[in-house]
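Tertiary structure, described
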Amino acid sequence: MTVGSTPSRAVVVGTGSRAQMFTEALARRPRLRVAALCDPNPVRIAHHQRLLKEAGEPEAAAWSPEEFERRLRADDIQEVVVTCVDALHDAYIVPALRAGCRVVTEKPMTTDAAKCRRILETVRETGNHLAVAFNYRFNPVHEEVHRQLSGGAIGEVLSVHFEWLLDTRHGADYFRRWHREKEHSGGLMVHKSSHHFDLVNWWLGARPEEVFGYGRLGFYGRAAGERSGYRREYERAHGAAAAKDDPFALELAENDAMRSLYLDAEGADGYHRDRNVFGDDITIEDDMALLVRYDTGATMTYHLTAYSPWEGYRVMFNGTRGRLELEVEESAWQPPLLGTASGRGTIHGDRALANAGGPRLGLRPLWEPPREVELPAFDHAGHGGGDERMLDALYGPVDPAAATEAAAVDASDASRRRATEEDGALALVTGLAANQSFVSGRPVATADVVTP
């Protein structure tokens, strides 16, 4: 769409903290207009209305979920952004595709095989495609890894070892909110690790074929908290004396965005964002180990730890001509009392964590001295710069008239990193197969789960 033409009309579905990035991004782009906000909670919608007002944009229509399908056509919507609870993504993706809208969904694309098949079948029936917001593809460090591997720096990749560490600030947060219930999130293998599985698929140009894994709830939850002595006697942190000096508690009232999005919104739906991480009814794992085999013959060993003293990840690639080693230290350690300075009320991704470290990429060719690969300037904020670069690839730059030739080239390259519904399904199937293997104790063929 050219500047000066009628803006494309968009609806943002789900108005929690992550959705703020999309509401603000759409509001900053003159070619787009947030025409509607869809959420069952009017208080959270009001929070996003304030974001639009601050951006100088008009108020959006407020939709209930029941109105969504009918109003897509009645309100002439062209763009749909899905950022609601993961298990509900398909309920909005499918009718939006059928209405001919351009759809972007937060990862994971969905949470189970039946919903995944429904989305893929709708794409085939309509010919309309879906973009999945895998922002880690747009992180400059991850792009350099892709360049090294695709350029043959270590030859054919034969194996990968991938370790991801969530610290007791970020990792614990999945056990305070709706993500702690597998029926809503699919567990960390689906919600969090879909990022990592997508990266490996993209880095290797490969498709997962078989998955075997072990997973357990060993650190969080009532039983583990009583064993370790970490458990305090409260259901949720707000107003609980026992939570005052608990390093695992989250105080919503101390952050304006969290108070507005969650504490003030509780009366409308009863949702508590600050539950005890050592409480009952947690159905997801916090320690997961996998072995994955790909169609290229490569294998990956993967471990996700959600209770680490430091935050970051290590990934090593072994190839026929050498080895590539990436380490990213997002935080060397975290102080005990939790607070957030994020204007969006997020625990991770919006701003750099305290005691942030940096990335290192090392190349070890056969028969040559090891050497460091030069990396671009790295900022931990916005998921290492991935958020803004992804938004530019999805929606174009904020000011296209001011875009430099270099930015235009980068945007063209970025378009090849956009993840489709097939990429979303390929990332999802590894997590779904892992969940099945945790229960059965046996390897699971991805073709028996879902075939993209």
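- The chain is annotated in an unreviewed UniProt entry as Gfo/Idh/MocA family oxidoreductase of Streptomyces asiaticus subsp. ignotus.
- The UniProt entry for the chain carries the following comment under Sequence similarities (unreviewed entry): "Belongs to the Gfo/Idh/MocA family."

**Section: the packing of helix α4 (residues 89-98) against helix α5 (residues 113-126)**
- Taken N-terminus to C-terminus, the directions of α4 and α5 make an angle of 5°; their axes are 9 Å apart at the nearest point. When the axes of α4 and α5 are compared, the pair comes out roughly parallel. Taken together, the residues of α5 that come into contact with α4 (itself represented by D90, A91, I93, V94, L97 and R98) are K115, R118, I119, T122, V123, E125 and T126.
- Classifying every residue of the contact of α4 with α5 gives six nonpolar, two polar and five charged.

**Topic: helix α2 (residues 42-54)**
- Over its 13 residues, α2 extends 18 Å from the first C-alpha to the last, a length consistent with the 18 Å expected when each residue adds 1.5 Å.
- Those residues of α2 that fall on the buried side of the exposure criterion are R44, I45, H47, H48, Q49, L51 and L52.
- Contacts made by the buried residues of α2 are with α1 (19-28), β2 (32-38), β3 (61-63), α12 (256-263) and α13 (266-269).
- Between the side-chain oxygen at the start of α2 and the backbone nitrogen of V43 there is a gap of 2.9 Å, and the oxygen is on N41.
- Backbone geometry just downstream of α2 places G56 in the positive-phi region, at approximately 80°.

**Examining the sheet that holds β3**
- On the basis of which strands lie adjacent, the open sheet formed by seven strands has the order β3-β2-β1-β4-β5-β6-β15 and mixed pairing. With one partner strand each, in any of the chains shown, β3 and β15 (419-420) form the two edges of the open sheet.

**Quick notes on the side chain of D173**
- The residue D173 is located in helix α7 (residues 170-173) in this model.
- At 2.7 Å, the side chain of D173 and the side chain of R273 are in polar contact.

**A word on the nonpolar core**
- In this structure, V11, F68, V80, W203 and F317 are the most contacted members of the largest nonpolar core, which totals 89 residues.
- Broken down by element, the residue count for this core peaks at eight residues, all from helix α17 (residues 421-440).
- For F68, the contacting residues outside a window of four places in its chain are V11, V13, C38, W63, V80, Y92, P95 and A96.
- Ranked by size, the runner-up nonpolar core spans 24 residues in total, among them A25, A131, L391 and L394.

**A few points about α1**
- For α1, the buried fraction is high: eight of the 10 residues fall into the buried class.
- Taken together, the buried positions of α1 are occupied by A19, Q20, M21, F22, T23, A25, L26 and A27.

**Thoughts on the sheet that holds strand β16 (residues 444-445)**
- Spatially, the nine strands line up as an open sheet ordered β14-β13-β12-β11-β7-β10-β9-β8-β16, and their pairing is mixed. On the outer flanks of this sheet lie β14 (371-372) and β16, each paired with one strand and no other.
- Note that strand β13 (residues 359-365) and β14 share two bridges and pair antiparallel. Paired with L363 across the two strands is R371, which belongs to β14.
- Running at roughly 155° to strand β10 (residues 299-308), helix α10 (residues 193-204) makes contact with β7 (157-167), β8 (208-216), β9 (287-294), β10 and β11 (311-319) of the sheet.

What counts, and where the lines are drawn
Residues numbered from 1 in each chain as written. Predicted model: local features only at pLDDT ≥ 70, side-chain atom pairs only at ≥ 80, totals over all residues. Heavy atoms only, no water. UniProt positions renumbered as here; feature names shortened; annotations may be inferred. Axes fitted to C-alpha atoms, helices over the stretch in contact; angles between N-to-C directions. Helix = DSSP H or I, 4+ residues; strand = E, 2+ residues; numbered from the N terminus. Parallel < 35°, antiparallel > 145°, perpendicular 65-115°, else oblique. Contact = heavy atoms within 4.5 Å. Nonpolar A, V, L, I, M, F, W, Y, C, P; charged D, E, K, R; others polar. Expected span 1.5 Å × (residues − 1). Buried < 20%, exposed > 50% of the residue type's maximum accessible area, 1.4 Å probe, protein only. Polar contact = N/O pair within 3.5 Å; in protein donor to acceptor, adjacent residues only side chain to side chain. Pairing = 2+ DSSP bridges. Core = buried A, V, L, I, M, F, W, Y, C linked by side-chain atoms within 4.5 Å.

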